[in-house]
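Next come the chains, spelled out residue by residue.
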Amino acid sequence: MSRADLDPAQEGTGGTAQESAGRTARTTQESTEQRIPLARRGSLLLNELRTTLRRWRTLALLGVLAAVPVLVGIAVRIETGDGGSAGGGTGEGPAFISQITNNGLFLVFTALAATLPFFLPMAVGVIAGDAIAGEAGAGTLRYLLVAPAGRTRLLLTKYATTMAFCLLATLVVAVSALTVGALLFPLGELTTISGTRISFTEGLGRALLIALVVAASLTGVAALGLFVSTLTNSGIAAMATTVGLLITVQILDQIPQLDAIHPYLFSHHWLSFADLMREPVYWDDLVKNLGLQALYAAVFGSAAWARFTTKDITT
Amino acid sequence: MTDTSAAEREPGPGDGAIVTRGLTKRYRGGQLAVDGLDLTVPAGSVFGFLGPNGSGKTTTIRMLMGLIEPTSGTARVLGRPMPRATLAVLPQVGALIEGPALYGFLSGRDNLLRYDAADPIADPRTRRARVAAALDRVGLTAAAGKKAKAYSLGMKQRLGLAAALLQPRRLLVLDEPTNGLDPQGMREIRSLIRELASDGTTVFLSSHLLDEIEQVCTHAAVMAQGRLVTQGAVADLAAGTRGRLVVTTPDPADAARVLKEQGAADVVVTEDRVTAEPPERDLAEVNAALVTAGVRVRGFGVERASLEEAFVALTGEGFDVAG
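Residues numbered from 1 in each chain as written. Chains lettered and ligands numbered in written order. Predicted model: local features only at pLDDT ≥ 70, side-chain atom pairs only at ≥ 80, totals over all residues. Heavy atoms only, no water.

- By the naming in an unreviewed UniProt entry, chain A is ABC transporter permease, taken from Streptomyces fuscus.

And the structure:
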């Protein structure tokens, strides 16, 4: 857990009464906290990861994500059974789709490009939206807090778990795509967007790097979902709101008249991960994307913290 | 049972396990849920917390547990201010609030493992053993591997209690702990509460079963419409409305006359029963006087007012929901 979790002010829920008593409590509380070994603080995170993976909902989401590359792979295979190339090589369909028949590794890039605009962030929105609101709705939140989990610690645990899910979901898509690509198409050296040839091993390395960047691209949605999750006691409402915001942002990003706000939409630079397939790598948009995600994480993470640490838990 | 070092650090008013002063909660809608509560729960007591639905009991318990921020006033639990000291106080407190809340897709055992993992003080090395002991204590060992969604209400209640017993506690806050249990289960839970209390744990028990409070509690408080109506030792509360002398007789008119002569006040005749406030003299003499006067006495005795009668007298509304 991070330094912030040791912040004794975390339970200082804006109370004005008994300032001096509060100050004494802070010091004693801090000393209590510092005696706790790190291993014990991590118990909740491990348990949270395990609990999240044991929900059928999580498994269903991962199943859907794993199915996408299978569908794309089979579709391309059927479409190109006569020896032609998918998308007619004119750039129709998701990025890299026309290259899949030459090299199965491109199915990884295609699958990530196909799932990043909607499937991946939707799955993250479901997990993040449910994080606090779902516990509140089920009443388990009050028992976690009187355990006492600590509000800041619980929120950080939930965010860390959501981030772990982002990574896992992305890897599920990538691994599924790599497997299907290897089964249905040839593997080998590949050509970058810039036209240079790189070895299959380096291609695999790029694929892993791209998966990490795609996972990091979901940080903003995760923070937004977590903030929404602190606003309501209904997990379903929080999930629906988060997914609704995702769709809204995706639509706004398509309207040319609104290009003034486009650079601030969390999805605007998402497809910049393709720049990792250039030689040399073109970093500008990648850095903009990661910076924007960090900004969203900071803004909505703080908002979620401010809301959750002062909220009356009445469920 | 008070931790002296904690008491030195934080000298609180009295040495109560729970002490509130002027504790008030006004919800955003303007509704005054709890109004200037001055509650003192003596350390080591089994404290019954009574009140009709909507009287503010739950809001009070949530403020004590740091779940709700008071609008004004203070609450100290185990000598420390809440909600500021939640992380220091709550590991020593076991709580069952408004019924159990469980993860239906997890087994009973995994539910407890999760709640224990949430406690940063809990030692992960002893976690499995403590969970097993808690399950055993509430009689759930056989059903520990079953998914919680398959549990009956009574089993869920037991699992909620087990969560409160994962660690040795100085204070147990139990909101309606026997809710949903069969009579046998209720007896088990009551004897469990007595056992814990005899170990020195302070038990703060909310219930609407008045005979339950009367059976297990040493102290009680009654709330109505957000205010504290009364608090004190259970014996005193029930005695607050003094027992009445009851004479059963086929000669009620004569009996009433003799009782008045013997100094009894507030004599009431209903068919063959004559009740009165007992006079300040040996009741054996009163009985002798009745017999001497030729009154045929079938029954003679003092009926203690039950806590229920005291409760109704105090809240004036029985268990109707406060408007």
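Past the structure itself, the notes keep going.
**Focus: the overall build of chain A**
Inference 1: Counting its regular elements, chain A contains 12 helices and 2 strands.
Inference 2: Counting from the amino terminus, helix and strand elements in chain A follow one another as α-α-α-α-α-α-α-α-β-β-α-α-α-α.
Inference 3: Within chain A, the proportion of its 315 residues that are buried is 50%.
Inference 4: For chain A, contacts bridging at least 24 residues in sequence account for 76% of all contacts bridging at least 6.
Inference 5: In the form shown here, chain A has an accessible surface area of approximately 13200 Å², with 66% of it arising from carbon and sulfur atoms. (Helix = DSSP H or I, 4+ residues; strand = E, 2+ residues; numbered from the N terminus. Buried < 20%, exposed > 50% of the residue type's maximum accessible area, 1.4 Å probe, protein only. Contact = heavy atoms within 4.5 Å. Areas by Shrake-Rupley, 256 points an atom, 1.4 Å probe, with all protein chains shown as cover.)

**With respect to the pairing of strand 7 (residues 93-96) of chain B**
Residue and element names in this part refer to chain B.
Inference 1: Residue alternation in strand 7 divides its side chains into two sets, V93 and A95 and G94 and L96, and both sets are buried.
Inference 2: Pairing between strand 7 and strand 8 (residues 171-175): 4 bridges, direction parallel. Paired with V93 across the strands is L171, a residue of strand 8. (Pairing = 2+ DSSP bridges.)

**Concerning the packing of helix 3 (residues 43-53) of chain A against helix 4 (residues 108-118) of chain B**
Inference 1: Following both chains from N to C, one finds helix 3 of chain A and helix 4 of chain B inclined at 145°, their axes separated by 8 Å at the closest point. Of the two elements, helix 3 of chain A crosses helix 4 of chain B, and the hand of that crossing is left-handed. Here A:S43, A:L44, A:N47, A:E48 and A:T51 of helix 3 of chain A come into contact with helix 4 of chain B, specifically with B:L113, B:R114, B:A117 and B:A118.
Inference 2: Looking at the contact of helix 3 of chain A with helix 4 of chain B residue by residue, the class counts come to 4 nonpolar, 3 polar and 2 charged. (Axes fitted to C-alpha atoms, helices over the stretch in contact; angles between N-to-C directions. Left-handed = near helix turned anticlockwise from the far one by under 90°. Nonpolar A, V, L, I, M, F, W, Y, C, P; charged D, E, K, R; others polar.)

**A word on the sheet that holds strand 9 (residues 202-206) of chain B**
Residue and element names in this part refer to chain B.
Inference 1: Taken together, the 6 strands give an open sheet; going across it, the order is 7-8-9-4-10-11, and neighbouring strands pair in mixed fashion. Of all the strands in the sheet, just strand 7 and strand 11 (227-233) have a single pairing partner and so form its edges. On average, each strand axis in the sheet is inclined to that of its neighbour by 10°, with strand direction left out of account.
Inference 2: Looking at chain direction, strand 4 (residues 46-50) and strand 9 are connected through 4 bridges and run parallel. Bridging across to strand 9, F47 finds its partner in F204.
Inference 3: On the sheet, helix 2 (residues 57-64) packs against strand 4, strand 8, strand 9 and strand 10 (219-224) and is oriented at approximately 135° with respect to strand 4.
Inference 4: The strands that helix 6 (residues 153-164) touches are strand 7 and strand 8; relative to strand 7, the one it contacts most, it runs at about 165°.

**A short note on the packing of aromatic side chains**
Inference 1: Considering all chains together, one arrives at 11 aromatic pairs over all chains under this definition.
Inference 2: Consider the rings of A:F266 and A:W270, whose centres lie 5.7 Å apart with planes at 50°: the pair is tilted.
Inference 3: With a centroid separation of 6.3 Å and 85° between ring planes, the pair formed by B:Y103 and B:F105 is classed as edge-to-face. With respect to burial, B:Y103 and B:F105 carry one shared label: buried.
Inference 4: Grouping aromatic residues by their ring pairs yields a cluster made of A:F227, A:F266, A:W270, A:Y296 and A:F300. (Phe/Tyr/Trp six-rings, centres within 6.5 Å; stacked < 30°, edge-to-face > 60°.)

**Focus: a nonpolar patch on the surface**
All names here are of chain A.
Inference 1: There is a patch of nonpolar side chains on the surface, built from L167, L171, V175, L208, L209 and L212 and spanning about 480 Å² of accessible area.
Inference 2: Elements with a contribution of two residues or more to the nonpolar patch: helix 8 (151-184) and helix 9 (200-217).
Inference 3: By secondary structure assignment, the location of L209 is in helix 9.
Inference 4: The class for L209 is partly exposed, based on a relative accessible area of 38%. (Patch = residues over 30% accessible without salt bridge, like charges linked within 9 Å, V, L, I, M, F, W, Y side chains within 5 Å. Salt bridge = Lys/Arg side-chain N within 4 Å of Asp/Glu carboxyl O.)

**Considering the confidence of the model for chain B**
Residues and elements named next belong to chain B.
Inference 1: Mean pLDDT for chain B: 84, with 89% of residues reaching 70 or above.
Inference 2: Note on residues 1-13: pLDDT under 50 across the span, and 19 contacts to partners over four residues away in sequence or across chains.
Inference 3: Low confidence marks residues 318-323, where pLDDT is under 50. Its contacts with residues over four positions away, or in another chain, come to 15 contacts. (pLDDT = per-residue confidence, 0-100.)

**Observations regarding helix 12 (residues 284-310) of chain A**
Inference 1: Across its 27 residues, helix 12 of chain A extends 39 Å between first and last C-alpha, which sits within 8% of the 39 Å expected from 1.5 Å per residue.
Inference 2: When helix 12 of chain A is considered as a whole, its buried residues turn out to be A:L286, A:N289, A:L292, A:Q293, A:Y296, A:A297, A:F300, A:A304, A:F308 and A:T309. (Expected span 1.5 Å × (residues − 1).)

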